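Architecture at a glance
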Amino acid sequence: MPLFREGAATPIANDGPAPVPLADWLQDRHGAAVALANTDDVNCLQPHLADLSLIVLHFPKFSDGRAYSQARILRERMGYGGEMRATGGVLQDQLPFLLRCGFDSFESDQKGFGEALMRARTLFSVVYQPTEDGRPTASQLRLVSRRIMATAAE
Amino acid sequence: MPDAHFYSYDDFDRRLVAERVEQFRDQVRRRLAGELTEDQFKPLRLTNGLYLQLHAYMLRIAIPYGTLSSRQLRKLAEISRKYDRGYGHFTTRQNLQLHWIKLEQAPDAIAALAEVDMHSIQTSGNCVRNTTADHFAGAAADEIEDPRVWCEIVRQWSTLHPEFSFLPRKFKIAITGSPNDRAAVRVHDIGLRLWRNDRGEVGFEVIVGGGLGRTPMIGKTLREFLPKDEMLAYLEAALRVYNRYGRRDNLFKARIKILVHEIGVEKMREEVEAEYESMKDSALKLSPDTIEAIAQHFAPPPLRPKRTLVPEVEALKLEDRNFALWLKSNVAPHRVAGHAIVTASLKPAGAPPGDASAAQMEGVADIADAYSYSEIRVSHEQNLVLPHVAVEDLPAVYRALDKLGFAEANIGKITDIIACPGLDYCALANARSIPVAQRISNHFAALARQHDIGDLKIKISGCINACGHHHVGHIGILGVDKNGVELYQISLGGDVDFGHTALGTILGPAVPAEKVVEAVDALVTTYLEARAEGERFVDTYRRIGAQPFKDRVYATV
Amino acid sequence: MAKNLSGDLQVASANRLADGMVVFLDAAGQWTERLDRADIARNKQVADILLERARAESFTVVDPFLVAVIEDEEGRIEPLSLREKIRASGLTFAAIAAEAVRYA
Ligand code: HEM
Ligand code: SF4
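Report follows, based on the coordinates. (Residues numbered from 1 in each chain as written. Chains lettered and ligands numbered in written order. Predicted model: local features only at pLDDT ≥ 70, side-chain atom pairs only at ≥ 80, totals over all residues. Heavy atoms only, no water.)

Turning our eyes to something else, we now look at the overall build of chain B. Each helix and strand counted, chain B has 18 helices and 21 strands in total. Taking 557 residues into account, the globule formula puts the C-alpha radius of gyration at 24 Å, and chain B, at 23 Å, falls close to it. The principal-axis extent of the C-alpha atoms belonging to chain B is close to 60 × 60 × 55 Å. Summarising the internal contacts of chain B: among those between residues at least 6 apart in sequence, 69% fall at separations of at least 24. (Helix = DSSP H or I, 4+ residues; strand = E, 2+ residues; numbered from the N terminus. Rg over C-alpha atoms; globule rule 2.2 N^0.38 Å. Contact = heavy atoms within 4.5 Å.)

With that out of the way, let us pick up the packing of helix 2 (residues 66-77) of chain A against helix 6 (residues 231-245) of chain B. For the pair helix 2 of chain A and helix 6 of chain B, interaxial distance at closest approach is 8 Å and the crossing angle is 130 degrees. When the axis of helix 2 of chain A is compared with that of helix 6 of chain B, the two are oblique. Handedness of the crossing formed by helix 2 of chain A with helix 6 of chain B: left-handed. Along the contact surface, helix 2 of chain A presents R66, S69, R72, I73 and R77 of chain A, while helix 6 of chain B presents E236, R240, N243 and R244 of chain B. The residue makeup of the contact of helix 2 of chain A with helix 6 of chain B, split by class, is one nonpolar, two polar and six charged. (Axes fitted to C-alpha atoms, helices over the stretch in contact; angles between N-to-C directions. Parallel < 35°, antiparallel > 145°, perpendicular 65-115°, else oblique. Left-handed = near helix turned anticlockwise from the far one by under 90°. Nonpolar A, V, L, I, M, F, W, Y, C, P; charged D, E, K, R; others polar.)

So, on to the site of ligand 2. With respect to spatial proximity, the complete set of residues near ligand 2 consists of C420, P421, G422, C426, L428, A429, S461, G462, C463, N465, A466 and C467 of chain B. Split by residue class, the shell around ligand 2 holds eight nonpolar, four polar and no charged. (Near = heavy atom within 4 Å.)

In this section: the site of ligand 1. Residues and elements named next belong to chain B. Around ligand 1, a shell composed of 23 residues is seen, among which T92, K172, L212, R255 and C467 lie nearest. Between ligand 1 and the protein, one listed contact pairs a nitrogen atom with a side-chain N or O atom of K170 at 3.4 Å. Here an oxygen atom of ligand 1 and a side-chain polar atom of R255 are 2.9 Å apart. Of the residues in the shell around ligand 1, the class split is seven nonpolar, ten polar and six charged. (Polar contact = N/O pair within 3.5 Å; in protein donor to acceptor, adjacent residues only side chain to side chain.)

This part is about the packing of aromatic side chains. Summed over the entire model, instances satisfying the criterion amount to 21 aromatic pairs over all chains. Residues F59 of chain A and F103 of chain A carry aromatic rings whose centres are separated by 5.8 Å and whose planes lie at 55 degrees to one another, so their mutual orientation is tilted. Of this pair, F59 of chain A sits in strand 4 (residues 54-59) while F103 of chain A sits in the loop between helix 3 (95-100) and strand 6 (105-107), and the two are 44 residues apart along the sequence. Judged by its relative accessible area of 0%, F59 of chain A is buried. For the ring pair W195 of chain B and F225 of chain B, a centre distance of 5.6 Å and an interplane angle of 85 degrees mean the geometry is edge-to-face. Here F225 of chain B lies in strand 10 (residues 220-227) and W195 of chain B lies in strand 8 (residues 190-196), a separation of 30 residues in the sequence. For W195 of chain B, a relative accessible area of 21% puts it in the partly exposed group. (Phe/Tyr/Trp six-rings, centres within 6.5 Å; stacked < 30°, edge-to-face > 60°. Buried < 20%, exposed > 50% of the residue type's maximum accessible area, 1.4 Å probe, protein only.)

To continue, consider the interface of chain A and chain B. Interfaces are often described in size by the accessible area the parts lose on coming together. Taken residue by residue, the interface counts 36 residues in chain A and 46 residues in chain B. Of the roughly 3600 Å² buried between chain A and chain B, counting both surfaces, carbon and sulfur atoms make up 56%. Among the residues of chain A in contact with chain B, F124, Y128 and R142 of chain A are the three that bury the most area, contributing 19% of the side total. Counting across the chain A and chain B interface gives eight salt bridges. Here R244 of chain B makes a salt bridge to D41 of chain A, at a shortest N to O gap of 3.6 Å. There are 20 residue pairs in polar contact (both at pLDDT 80 or more) connecting chain A and chain B. Residue assignment for the side of chain A that touches chain B shows that the elements contributing at least two residues are helix 2, helix 3 and helix 5 (138-153) of chain A. (Buried area = accessible area lost by both parts, 1.4 Å probe. Salt bridge = Lys/Arg side-chain N within 4 Å of Asp/Glu carboxyl O.)

This next bit is on the layout of surface pockets. All names here are of chain B. Space inside the second largest pocket adds up to approximately 690 Å³. In terms of lining residues, the second largest pocket is bounded by 30 residues, among which R182, E381, D455, K457 and D497 are the most central. Elements represented by at least two residues in the lining of the second largest pocket include exactly helix 11 (321-330), strand 11 (331-333) and strand 12 (339-344). No other element matches the three residues that helix 11 contributes to the lining of the second largest pocket. Of the residues that constitute the lining of the second largest pocket, the class distribution is nine nonpolar, eleven polar and ten charged. (1 Å grid on protein atoms, 1.4 Å probe; cavity = no way out; pocket = protein on both sides within 12 Å on 5 of 7 lines; lining within 4 Å. Points joined across faces, edges and corners; volume = space filled by probe spheres on them.)

So, about the sheet that holds strand 8 of chain B. All names here are of chain B. Strands sit in the order 6-7-8-9-10 across an open sheet of five strands; the sheet is mixed. Sheet topology places strand 6 (132-133) and strand 10 at the edges, where each strand pairs with a single neighbour. Packed on one face of the sheet, helix 5 (residues 148-158) meets strand 6, strand 7 (173-176), strand 8 and strand 9 (202-208) and runs near 155 degrees to strand 7. (Pairing = 2+ DSSP bridges.)

All names here are of chain B. By size, the foremost hydrophobic cluster in this structure holds 77 residues, and its most contacted members are W326, L386, L394 and L401. In terms of residues, this core owes the most to one element, helix 12 (residues 358-371), which gives six residues. Residue contacts for L386: discarding those within four places in its chain leaves A340, I341, V342, V364, I367, A368, S372, E375, I376, V397 and L401. By size, the runner-up hydrophobic cluster in this structure holds 50 residues, among which are V149, V202, A237 and L239. (Core = buried A, V, L, I, M, F, W, Y, C linked by side-chain atoms within 4.5 Å.)

What follows concerns the pattern of salt bridges. Tallied over the full model, the rule gives 76 salt bridges over all chains. Between E84 of chain C and R83 of chain C there is a salt bridge, with the nearest N and O atoms lying 2.9 Å from each other. When salt bridges with common partners are traced through the structure, they connect R72, E76 and R77 of chain A together with E163, E236, R240 and E275 of chain B into a single cluster.

No protein donor other than C467 of chain B (SG) coordinates the iron atom of ligand 1, and that contact is at 2.2 Å. Relative to the helices and strands, C467 of chain B is located in the loop between strand 17 (458-461) and strand 18 (475-482). (Donors = N, O, S within 2.8 Å, 3.2 Å for Na, K, Ca; no water.)

A word on the packing of helix 5 of chain A against helix 9 (residues 288-295) of chain B. Remark: helix 5 of chain A packs on helix 9 of chain B, axes separated minimally by 10 Å, with the N-to-C direction vectors making an angle of 90 degrees. Judged by the angle between their axes, helix 5 of chain A and helix 9 of chain B are roughly perpendicular. Residues S139, R142, L143, R146 and R147 of chain A of helix 5 of chain A pack against D289, T290, E292, A293 and I294 of chain B of helix 9 of chain B. Each residue belonging to the contact of helix 5 of chain A with helix 9 of chain B can be placed in one class, and the counts come to three nonpolar, two polar and five charged.

It is worth spelling out the interface of chain C and chain B at this point. Contact residues are listed per partner, giving 29 residues for chain C and 43 residues for chain B. The contact between chain C and chain B buries some 2900 Å² in all, and 61% of this surface belongs to carbon and sulfur atoms. Considering only the side of chain C, the residues that lose the most area to chain B are L17, F93 and Y103 of chain C, jointly responsible for 22% of the buried surface there. E99 of chain C is the salt-bridge partner of R81 of chain B, the closest N and O atoms lying 2.6 Å from each other.

With respect to the helices, strands and loops of the structure, T132 of chain B is situated in strand 6. When sequence neighbours within four positions are dropped, the list of residues in contact with T132 of chain B reads R93, Q94, C151, I173, A174, I175 and H188 of chain B.

All names here are of chain B. Neither face of strand 14 (residues 375-378) is left uncovered, since the one carrying E375 and R377 and the one carrying I376 and V378 both have all their residues buried. Examined bridge by bridge, strand 3 (residues 67-69) and strand 14 share three bridges and lie antiparallel to one another. Paired with S69 across the strands is E375, a residue of strand 14. In this structure, strand 14 lies alongside strand 15 (residues 384-390), joined through two bridges in antiparallel fashion. Along strand 15, the bridge assignment pairs R377 with V385.

So, on to empty space enclosed by the protein. Residue and element names in this part refer to chain A. One pass over the full model with this rule turns up six cavities of 30 Å³ or more. Taken as a whole, the largest cavity holds about 170 Å³ of empty space. P96, R100, F124, V127 and R135 are, among the 15 residues lining the largest cavity, the residues nearest its centre. When residues in the lining of the largest cavity are grouped by element, the largest group, four residues, is from helix 3. For the lining of the largest cavity, the per-class residue count stands at ten nonpolar, two polar and three charged.

Below is the structure:
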């Protein structure tokens, strides 16, 4: 399946080491790429995060959103900093959500996916939820402008 | 400051909604061009509130916490004229449904909504839906705190939430700020009830796992007392647990109520609290400034106490019996002396419950401008509410509503029927709801008789999904289909008042459509004969049980 | 008198993609709003073919399916089920008009 990463509209080479299913990987921790089912508990990766450079999370259908939670736990709570890939039912209209949850590479065979990826971060200039992407939320920005106004008034 | 006394969008909210309209416009374009299949497009249109029903597309517009300005209501009227057939259906979840929308025009209709700071985002789909509130919020005499501040905080947090847009199933939240729950918090996925503890602090009771539908359940308390500033962190924790563990193998078992039922509320609590531990000091914790920035929008209108005894009102009471009845049933106490909360009945005799024409919407907007600080509420009982009316204006408001056909003195009475769209519109229906409601309404149209019968809530759903809340009707009516014939199953004893949330019990075999009115009449007669002093229908039922009702109904039909 | 109450007569129906209106497939393979123009399949085998034709023409409509109908002596057809009757002929009560301020 074509692999995409932000910054390029065309697929990139998908020639890294094949990710190993979690249960197998935990046996001998061979290689730096692991693939999770969306029912796997990500917490068991906590002691090994430094050994990993790729975690692949799976969407059996695009409407099955469990991997969004896995992604945020890995990024925000566990501090995983390597590549996090979405695979399975990955469609362009999910991109704004995927990006905000910390995914940075995507396997998708949808036509136009690469172009959509180029635009995905600009679709919404406002966000309401604090997530690992660090974008200031509307309410944080409101407080800043309130403070500026309060200072100006003094 | 804008003149509204509730939240109005700032540039951030406006930009987000405008960008969402453009995103949807592009999705519709791709669908019409054949770039998206129906399977791919359906969830996209649904998260923008666009269904495909029997006859056409249906647009479900969110009315956050049921609060509207007159300007917004006029715009809804205009949209219904321009893009629909000039009328709309107010629902039990504080939404407005337009039933004759064209896909090609849907982006324009949604763009028109955005002009008045409204949207239809997440009014369908497996995401967090419109958060509902007590329709008397900010005006009720019994209120501890205005729940709408918290609804707005939830609205923003839940809008395009990146983690929770593909939940196992839909997720409905309701918030009440009064001990007398008017928001049905125990039949929502999460219900939040503001209350004051022994130390005088106000916080939330968090209730989880309520719901109607095919497996009705009453919600259980997940957290007795949650400090207000921890609300979002707690919701995020609860939603994460649900997103990870809610069932996805069976559509009918996917709601959070089933998860809570299967693992038990103790285990649910353990999971949520564990998740919450790691979140409560995160950026989700609400600072006093953040809360204040929202709360200031809800500053109440500058009502000054006025005289409560107005000669003109007293005179009209003697002169016009209907006005006297209207004062009793459609007017509720306001927290400021000399003021009242008026409910405009969208249930005139024989009318489809909850429907209003464009002209009627405009009429109500005019009345709100003249007498209620330009504010209107939508109740979960499918009526409109004028929240801030001076007692001395009641005669004028009554006359103006009467001109619209909305002054029927029947709030809480037998003809104040809740009914879902049913088989006339709905692709999932087994049987019709609206024509049944119309027949019952016509049969009991005489107001004096209705007031004699007293408080009696009839709720009708056209199928087991229970959009018409039949499980919690004093009399619930559920349409079923037997070999192509419409039959109606009657249940008794449901309730939603706080402390009394109860699910009705099925009376017996379903009755044919043409016998429903007779069956209801038999129920009412049984009650009238058996009632003790001061008893409502449902009280008598609780005292004497189902048998006398059953005997009478099945002797009749 | 109606014949074929068993419902082995079928027509193909769908909702039009662009506006959601109820449409039926006619003999020429066009989608029409008029039930009386619908192509009628008179046995199961033909019905299967009709449904396949409908699916092949589904670019402008959503999810085609078969509707059981009955035919009277004059050749007028009517859907068998109440749901499909309502789809074919509209609401069973009078909706309020845009300018109405009272219900009739
Ligand atoms: C006409 C199009 C509609 C469709 C297709 C529809 C669909 C559904 C479905 C499938 C359910 C069951 C969900 C479940 O149990 O998981 C449901 C529940 C519900 N709907 Fe609707 N509905 C429609 C209209 C309405 C209307 C008009 C109202 C308000 C009057 C409404 C309010 C509700 C409520 C309150 C529930 C039950 C509460 C709960 O979710 O547990 N719906 N709806
Ligand atoms: S209860 Fe059934 S018939 Fe009524 S609106 Fe809901 S899904 Fe449709």
